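Next come the chains, spelled out residue by residue.
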Amino acid sequence: MDISADGARAASADLRRHRISKAIALAYEQGGVISRPQLLDLRVTRGQIRANIVAGRWRPVRSQAVAIHTGELTVQGEQWAGVLEAGPRAALDGASGLIASGLRGVDEEALRISIPRNARRRRGKGLNIHQTRRYRTTDLSASGVPRTKPHVAAVHGALWARSDKQAVLLMTMAVQQGLTTAERLGEAALRIRRDKRRLLIQMTILDLLDGVRSISEHEFARECRDRGIPEPSRQVRRRTRDGRYFLDVYWEEWGVVVEIDGIQHGWVQNVISDALRHNDVTLSDALVLRLPLLGLRVAADDFFEQITEALRSRGCPHLDRSA
């Protein structure tokens, strides 16, 4: 019996087990998944990877990773698998980055992943991988799944959102849920040089910073003129005991008041629809309408249609149905 040969085989087996253990430990930090390049870096061979898959201990995940179990991936596991698929410099960004940082109340059909302009772009089901000039390594969070920091992700998400409404909601929710601040959003927004939503993003940040005080009397009057509505006879700012700010807009001749409410710390998805429903009821009673500041940014036409209807019902002339 060759004792030295047996010892060498035992040492080799111990080394393989040690490498596998290190790989499993890393995978646990990544939602139960690990990339094939990471496994090779840990000196786990392709043969060992294949053997663990054939034995039913591991399973492939997309083209670049494996799960160290055969069950369903967690949300964190799906996020890691997407980033690992996209490449070594990939990071969740936009709404996906915010969700990974803890944002609630938002769903994404596909993971938005950013990579540098010079990186190879892969494709995958459920992945929205984009090369972007906005990619900066200094914008990445220091721990967890690779993702952009919340203030950067919120601004990027606003730029890439499907609608202006979604853009405003994303930034507002990030601030309301404590993931970032309006000041930090402002820092990220300063980088925007050219984009169709640049002004909308800047105005939303001003709203978040200063609430209803960011609206000027001239701005509201201009909105009225653009729609053929008489300018209000009086506009008054007031502050309630609980610190909330309102802008009360009066058409005294016709007894109509619009109360503009600043962005508050509630769930923003409901504030616009709640105000519209409130106004529908109010139109048949006392004519004090509510207009949340968020509604002025993303649903102005709907609210001004209600204002027009209120003024018309009180006898305001020159307001035909096309106004």
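How each quantity is defined
- Residues numbered from 1 in each chain as written.
- Predicted model: local features only at pLDDT ≥ 70, side-chain atom pairs only at ≥ 80, totals over all residues.
- Heavy atoms only, no water.
- Helix = DSSP H or I, 4+ residues; strand = E, 2+ residues; numbered from the N terminus.
- Core = buried A, V, L, I, M, F, W, Y, C linked by side-chain atoms within 4.5 Å.
- Buried < 20%, exposed > 50% of the residue type's maximum accessible area, 1.4 Å probe, protein only.
- Contact = heavy atoms within 4.5 Å.
- Phe/Tyr/Trp six-rings, centres within 6.5 Å; stacked < 30°, edge-to-face > 60°.
- Lys NZ or Arg CZ within 6 Å of the ring centre and 35° of its normal.
- Polar contact = N/O pair within 3.5 Å; in protein donor to acceptor, adjacent residues only side chain to side chain.
- Pairing = 2+ DSSP bridges.
- Axes fitted to C-alpha atoms, helices over the stretch in contact; angles between N-to-C directions.
- Parallel < 35°, antiparallel > 145°, perpendicular 65-115°, else oblique.
- Left-handed = near helix turned anticlockwise from the far one by under 90°.
- Nonpolar A, V, L, I, M, F, W, Y, C, P; charged D, E, K, R; others polar.

Section: the environment of Ala299
- Tracing the sequence through the fold places Ala299 in the loop between α12 (293-298) and α13 (300-313).
- As for Ala299 and Asp164, which are separated by 135 residues in sequence, their C-alpha atoms are 9.4 Å apart.

Topic: the nonpolar core
- With 30 residues, the main nonpolar core has Leu98, Leu185 and Ile201 as its most contacted residues.
- Counting only elements with at least two residues in this core, the list comes to α5 (94-100), α6 (150-160), α7 (164-176), α8 (182-189), α9 (198-210) and α12.
- Ranked by residues supplied to this core, first place goes to α7 with eight residues.
- What Ile201 contacts, discounting residues up to four positions off in sequence, is Val155, Ala158, Leu159, Met171, Ala189 and Ile192.
- Ranked by size, the runner-up nonpolar core spans 24 residues in total, among them Leu247, Leu291, Cys316 and Leu319.

What to know about the packing of aromatic side chains
- On inspection of all chains with the given rule, the structure shows two aromatic pairs.
- With 5.5 Å between their ring centres and 35° between their planes, Phe220 and Phe304 make a pair best called tilted. With a gap of 84 residues between them, Phe220 in helix α10 (residues 217-226) and Phe304 in helix α13 connect regions that are remote in the sequence. Residues Phe220 and Phe304 agree in their burial class; the two are buried.
- Through a chain of ring-to-ring contacts, three or more aromatic side chains come together here, namely Phe220, Trp251 and Phe304.
- A cation sits over an aromatic face here: Arg112 above Trp160, 3.6 Å from the ring centre.
- If you follow Arg234 out to its NZ or CZ, it ends over the ring of Tyr250, 4.1 Å from the centre.

Examining the side chain of Glu223
- Secondary-structure assignment places Glu223 in helix α10.
- A polar contact of 2.5 Å, which involves the side chain of Glu223, links it to the side chain of Arg227.

Some thoughts on the sheet that holds strand β5 (residues 111-115)
- A sheet is described by the order of its strands in space; here three strands give the open sequence β4-β5-β6, paired in mixed fashion. Each edge of the open sheet is held by one strand with a lone partner, namely β4 (91-92) and β6 (127-131).
- Alignment of β4 against β5, held across two bridges, turns out to be antiparallel. Counted as the bridge partner of Ala91 is Ser114 from β5.

Remarks on the sheet that holds strand β3 (residues 65-67)
- Spatial ordering of the open sheet is given by β1-β3-β2, a layout of three strands whose pairing is antiparallel. Strands with a single pairing partner mark the edges of an open sheet, and in this sheet they are β1 (33-35) and β2 (59-61). Taken over all neighbouring pairs, the strand axes of this sheet differ in orientation by 35° on average, direction set aside.
- Relative to β1, helix α4 (residues 75-86) is tilted by about 5°, and along the sheet it contacts β1, β2 and β3.

Some words on the packing of α8 against α9
- At a minimum axis distance of 9 Å, the contact between α8 and α9 shows a crossing angle of 160°. One finds that α8 runs roughly antiparallel with respect to α9. Of the two elements, α8 crosses α9, and the hand of that crossing is left-handed. Of α9, the residues touching α8 (which contributes Ala182, Glu183, Leu185, Gly186 and Ala189) are Ile201, Ile205, Leu208 and Leu209.
- Tallied by class, the residues present in the contact of α8 with α9 amount to seven nonpolar, one polar and one charged.

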